[in-house]
Structure formats: C-alpha cells, structure tokens
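Fold and geometry: a report
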Amino acid sequence: MNLLGKIKSIGALMLGLTLLFSCEKNGDFGFGSDDVSPVEFSVETVGTSSSVVLLDSIASTNLGVGFIGNIDDPDVGKVKATTYAKMELNVDDLNSISEEAILDSVKLSIKFGYLYKDFAKTVRLKVSLLSEQIEDTLHITTNSTAISNELVVSGNILIDEVDSIYTIDLDMAFANRLFEIMRDEGPEVATQEAFEAAFPGLAFQTEDNSSNAYGIVLDPESSMIDFYYSEVSSTGAVNVPSTHKITLGDLTHYYGLEFDRSGTALEGLTNTNEEFSPSSGLRYIQAGAGIVTKINLSELETFANLKPEAIVNTAQVSIGPIEEPVDGVTPPTRLLLLLTDSGNRVIRDGDNFRAIQQDGSNPIGSGTPLTLLYDEDSKTYTASITSFVGYYFSDVFRRNQFFIAPPSVNGELGNVVFRPEDFKLKVFYSELK
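Because the structure is a prediction, the values reported are computed rather than measured. (Residues numbered from 1 in each chain as written. Predicted model: local features only at pLDDT ≥ 70, side-chain atom pairs only at ≥ 80, totals over all residues. Heavy atoms only, no water.)

1. Concerning the layout of surface pockets
Each pocket or cavity is described by its volume, and for the largest pocket that value is around 460 Å³. If you go around the largest pocket, you meet 24 residues; those closest to its centre are Leu338, Val346, Arg348, Phe353 and Val409. Sorting the residues of the lining of the largest pocket by element identifies strand E17 (334–339) and strand E19 (352–353) as the ones contributing at least two each. A breakdown of the residues in the lining of the largest pocket according to their chemical character gives 14 nonpolar, 6 polar and 4 charged. Taken as a whole, the second largest pocket holds about 170 Å³ of empty space. If you go around the second largest pocket, you meet 15 residues; those closest to its centre are Tyr114, Thr330, Pro331, Pro332 and Glu412. Each of domain 1 (41–56 + 272–432) and domain 2 (65–260) gives at least three residues to the lining of the second largest pocket. (1 Å grid on protein atoms, 1.4 Å probe; cavity = no way out; pocket = protein on both sides within 12 Å on 5 of 7 lines; lining within 4 Å. Points joined across faces, edges and corners; volume = space filled by probe spheres on them. Helix = DSSP H or I, 4+ residues; strand = E, 2+ residues; numbered from the N terminus. Nonpolar A, V, L, I, M, F, W, Y, C, P; charged D, E, K, R; others polar. Domains from an automatic or database assignment.)

Here's what the structure looks like:
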C-alpha cells in the first residue's frame, strides 16, 4: 500500500473511532456537537379496528373463465358454482352435409385452469342444455339461467395437469339430434340467432356430491364441441372425414354461485355493504363471494397528529399467521388494500379499484396497487407501505378505511381467515431530540 493509501486508511479509522466515542457519550445516534442534535429511533404498532363486509354485484361476465363444483368449508360454508355459456354455431363454416353422411363421434373439449383443492382432481362433469337464453348484459355471481333436463355431457375427467385440454364424448341422443338438424339444414341452423333460440346455451356443473371446485377456460381455442362425420366421396363411398366445430367463449358467458352459510360464523352475513361482526371473532376474506375484511386506521391519524415532526423511516403491514386452511386448499398468494368509505363500497378508477399504492408510486394512483405477498412457512402476508405512511404523516394523502381483498374478487374462490389482532401496522420513525 502506498503512503497516500495508508493516510486514507488511518483517517477513516480515526473518523470511525470519533463517531463511536461520540455516540457512546451522548447515548443517542448523533455527532454530539452543539450544532447537530442527536436522533432517537422508535417503533410504533398502530392499533386498528376491523369488521367483515359482504360486497354486492360481483361481476362474472365474459371473464374467459367460469367456475364449477361444490365447496364445503367449515369457515365459509357451502358454495355451488355453475357456469353458463352460449354456443357459437359458426354458420359460415357449416358445410352442406349429405343424407348419406355418417356421424362418427362428437366430443367436448375443455381446459381446466384452476383447482380449489389441489389433490381432488377427478371432475364429475355434468353439462346440460339451458331452457332459456342468456341475456347479453352484465351478469353477477348471484345470477342464474334456467337449466333444462336435456343432458349434453356426463362423465369423469381426471386432471393430470392444469391448463391442459381434455375431451369427453357428448351424449349421443343430443349429438344425433343436433347433427340431424345440421344435415337437414333446418331453420334452427340458418343463423346464429335462430340457433340460440333453439339451443340457448350450456350449463356446466359437477355432480352434487362432488367436493371440489374447478375453473374452466372459455375461449374458442380451448373449449368447443367437435362433430366428426364421414361424407360421401366422389366414387360414392362414405369415407371422407369431415368436421364441424361449435365454439365457446366468444359469446356471452358467466358463472353463478349459490351460498349456504348456515352453521358457520358467517351465518348472519346477508346484507351487502354493511359491517358485520362474525360470532367467532375472526376476520374473513373469500374471493368470488365478495367477502372482505374492513380495516379502520383512525389510530394512525391520532398517532401522526401526536408526532408532527416525526420522520417515517419505514412502515410495514402484516396479516398472520392466518388460520390453517382446509386440507388441500392454498390461500391466495396475494392480498390488496382497497380504498373504501363509510358506505362500504370499493372505489373504482375505470377498470381498476383505488388502492394503497406500492412504495414510490403516486398515492392516489391505481395502476400499481400494493401487494401483500404470502409466505407459506410463516403463513403471513406482508408488504412495505412506507410511502403511504410518509404521505399520511405529511398530510398529503390521508384515508383511514380499507378493504383487505384478494387481487381478483371474481377470478378465484380461495379464502383467508385470521384474528383481528394479527393485522399489524408497524411504523419505524425517528425524531430529533
């Protein structure tokens, strides 16, 4: 090491010793000189109050996904899911079918993109024809469409891998009836409107005694009905393979949910947008059902007013450890803090919901919502909300009422249960003495 390097090293050492001795002398972090005040570091766990709220009007229309199946959970009760979908005949692709054509098989293709329980993978599928048309309007999870007794598909599908396409044979009585109409060029297949009048759509369900729920992907590339038939060749032999495809997903589709909360702590939860105190004393979040936990941060305002000169160094929110979920059920991987008010409604900003934003983002934005990530080992959701609390202390942006909600209130069915005291907001701050 050259002489200059040695001088720099000795200088750095002397400066470090000076800082060390000055800190010990004053008892606080600081330089101990007359013109620089020491800094005191503190942490405050801010108290909160909470309740449970049932949101209204959870939209489920044209999401590209639908739920089917049955859930029986000791915390949130029973849920029955049904998906309703129009069929697109694809009139322009419907070729003339000769009288000699022979129907070989008709198969439903369907993709599964979600499992409520990760180990119950045998779907006892039941698909029926609707008895009334699906209205081309916004549908919510409490809607339903009348279902006929005509069976379209019935059978078991073993899901080896999520996001794979599976096929199952259609009921031949239904398949033959529809094929004969196509072959005879009946008025029912002249236009899409006429087709919907005769075949309003399909209801996807599982058998009543099944004990799992599934998400099906509804798009023309994944969900369809394929007719395979043999046509007459130029020599008169019936041996020309032909097909026609009826697709699902491009036209109106939605899912509906039926709830039975009897015997649970949520049994009295019937009125929407009202604060509810479960008999168990616990707090609940259930996607799809629109059940969220409301948090009131009024004590943060009291604390901020008591410490107007405090500097927020960091702030963290955590939820957990959560209650042990039903075997095989994985809690949502993320949670959000959505803005609400005394009316207990989520506050929209276009297609998004107003939420606490990530650190460093505009506090009143909606494009970068704060995400509380789930840790399986600690069973806890955590996130840094330093920017929000900093804006709060500076009185730039203050809101006290929030919903703890899943990232998609209509895109999954998982639930979270926790004790009120296991929601924690910690503020690490410093003050000049």
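Continuing now.
2. Considerations on the packing of aromatic side chains
Going through the model one piece at a time under the given rule, you end up with 14 aromatic pairs. Considering the side-chain rings of Phe67 and Tyr114, the 5.5 Å spacing of their centres and the 80 degrees angle between planes classify their relative orientation as edge-to-face. Placement of the pair is Phe67 in strand E3 (residues 65–73) and Tyr114 in strand E5 (residues 102–115), with a sequence separation of 47 residues. Neither Phe67 nor Tyr114 differs from the other in exposure class; each is buried. Site record: aromatic cluster; members linked through ring pairs are Phe388, Tyr392, Phe397 and Phe402. In this structure, Arg261 packs its charged tip against the face of Phe259, placed 4.7 Å from the ring centre. (Phe/Tyr/Trp six-rings, centres within 6.5 Å; stacked < 30°, edge-to-face > 60°. Buried < 20%, exposed > 50% of the residue type's maximum accessible area, 1.4 Å probe, protein only. Lys NZ or Arg CZ within 6 Å of the ring centre and 35° of its normal.)

3. Points about the pattern of salt bridges
Pairing between side chains becomes possible if they bear opposite charge and their charged atoms approach one another. Under the criterion given, the structure shown has 14 salt bridges. One connected set of salt bridges, linked through shared partners, spans Arg419, Glu421, Asp422 and Lys424. (Salt bridge = Lys/Arg side-chain N within 4 Å of Asp/Glu carboxyl O.)

4. Some words on unusual backbone geometry
Following Gly320, the chain continues to Pro321 via a peptide bond in cis, the omega torsion being 5 degrees. Relative to the assigned elements, Pro321 resides in the loop between strand E16 (311–319) and E17. The residue Glu185 is not glycine, and still its phi comes out positive at about 50 degrees. For Glu185, the position within the fold is in the loop between helix H2 (172–183) and helix H3 (192–198).

5. Points about the side chain of His244
One can find His244 in strand E12 (residues 238–260). The buried category is assigned to His244, whose relative accessible area is 4%. Within the structure, His244 has its side chain in polar contact with the backbone oxygen of Leu89 (distance 2.8 Å). With residues near it in sequence (within four places) discarded, His244 still touches Leu89, Asn90, Asp93, Leu94, Met182, Ile225, Asp226, Phe227 and Tyr229. (Polar contact = N/O pair within 3.5 Å; in protein donor to acceptor, adjacent residues only side chain to side chain. Contact = heavy atoms within 4.5 Å.)

6. Some words on the domain arrangement of the protein chain
Domain boundaries assigned for the protein chain yield domain 1 (41–56 + 272–432) and domain 2 (65–260). Each of domain 1 and domain 2 was reduced to a C-alpha centroid, and the two centroids are 40 Å apart. The interface is formed by 16 residues belonging to domain 1 together with 17 residues belonging to domain 2. For the pair domain 1 and domain 2, the summed buried area comes to about 1400 Å², and 62% of that belongs to carbon and sulfur atoms. If you look at where domain 1 meets domain 2, you find 0 salt bridges. The interface formed by domain 1 and domain 2 holds 4 residue pairs in polar contact (both at pLDDT 80 or more) in total. Of all the secondary structure elements, the ones that give two or more residues to the side of domain 1 that touches domain 2 are strand E14 (283–286) and strand E23 (415–418). Along the lines of polarity and charge, the residues of the side of domain 1 that touches domain 2 split into 6 nonpolar, 8 polar and 2 charged. (Buried area = accessible area lost by both parts, 1.4 Å probe.)

7. Some points on the nonpolar core
Counting 43 residues, the largest nonpolar core has Leu108, Phe112 and Phe204 as the members making the most contacts within it. Sequence-distant contacts of Phe112, defined by excluding residues within four places in its chain, comprise Ile68, Val123, Ile157, Ile159, Val162, Asp163, Ser164, Tyr166, Tyr214, Gly215 and Ile216. By size, the runner-up hydrophobic cluster in this structure holds 36 residues, among which are Phe303, Ile319, Leu335 and Ile356. (Core = buried A, V, L, I, M, F, W, Y, C linked by side-chain atoms within 4.5 Å.)

8. Observations regarding a nonpolar patch on the surface
Taken together, the side chains of Ile102, Val232 and Val238 present a nonpolar region at the surface, about 200 Å² in accessible area. With respect to the secondary-structure elements, Val232 resides in strand E11 (residues 224–232). (Patch = residues over 30% accessible without salt bridge, like charges linked within 9 Å, V, L, I, M, F, W, Y side chains within 5 Å. Areas by Shrake-Rupley, 256 points an atom, 1.4 Å probe, with all protein chains shown as cover.)

9. A closer look at the environment of Glu267
With respect to the helices and strands, Glu267 occurs in the loop between E12 and strand E13 (275–276). A relative accessible area of 48% means that Glu267 is categorised as partly exposed. The spacing of Glu267 and Gly77 is 190 residues in sequence and 8.4 Å in space, taken between C-alpha atoms. Among all residues touching Glu267, those that are not within four sequence positions of it are Arg261 and Ser262. Within polar-contact distance, the side chain of Glu267 engages the backbone nitrogen of Gly263 at 3.2 Å.

10. Description of the pairing of strand E24 (residues 423–432)
Strand direction decides the pairing type here: strand E1 (residues 39–46) and E24, joined by 8 bridges, are antiparallel. Bridged to Glu44 within E24 is Val427. Relative to E24, E16 is paired through 8 bridges, and the arrangement is antiparallel. Bridge assignment links Ile311 to a residue of E24, and that residue is Ser430. (Pairing = 2+ DSSP bridges.)

11. Some thoughts on the environment of Asp160
Positionally, Asp160 belongs in the loop between strand E7 (147–158) and strand E8 (165–169). If near-sequence neighbours (up to four positions away) are discounted, Asp160 is found in contact with Lys121 and Tyr166.

12. Here we look at H2
Relative to the 16 Å expected for 12 residues at 1.5 Å per residue, H2 spans 16 Å between its end C-alpha atoms, a close match to the ideal helical length. Along H2, the residues classified as buried are Phe174, Ala175, Leu178, Phe179, Ile181, Met182 and Arg183. Where H2 is buried, its residues contact E5, strand E6 (122–130), E7, H3, E11 and E12. Two to three positions downstream of the cap, the backbone nitrogen of Ala173 sits 3.1 Å from a side-chain oxygen, assigning the N-cap of H2 to Asp171. Of the residues one or two after H2, Glu185 is the one with positive phi, at around 50 degrees. (Expected span 1.5 Å × (residues − 1).)

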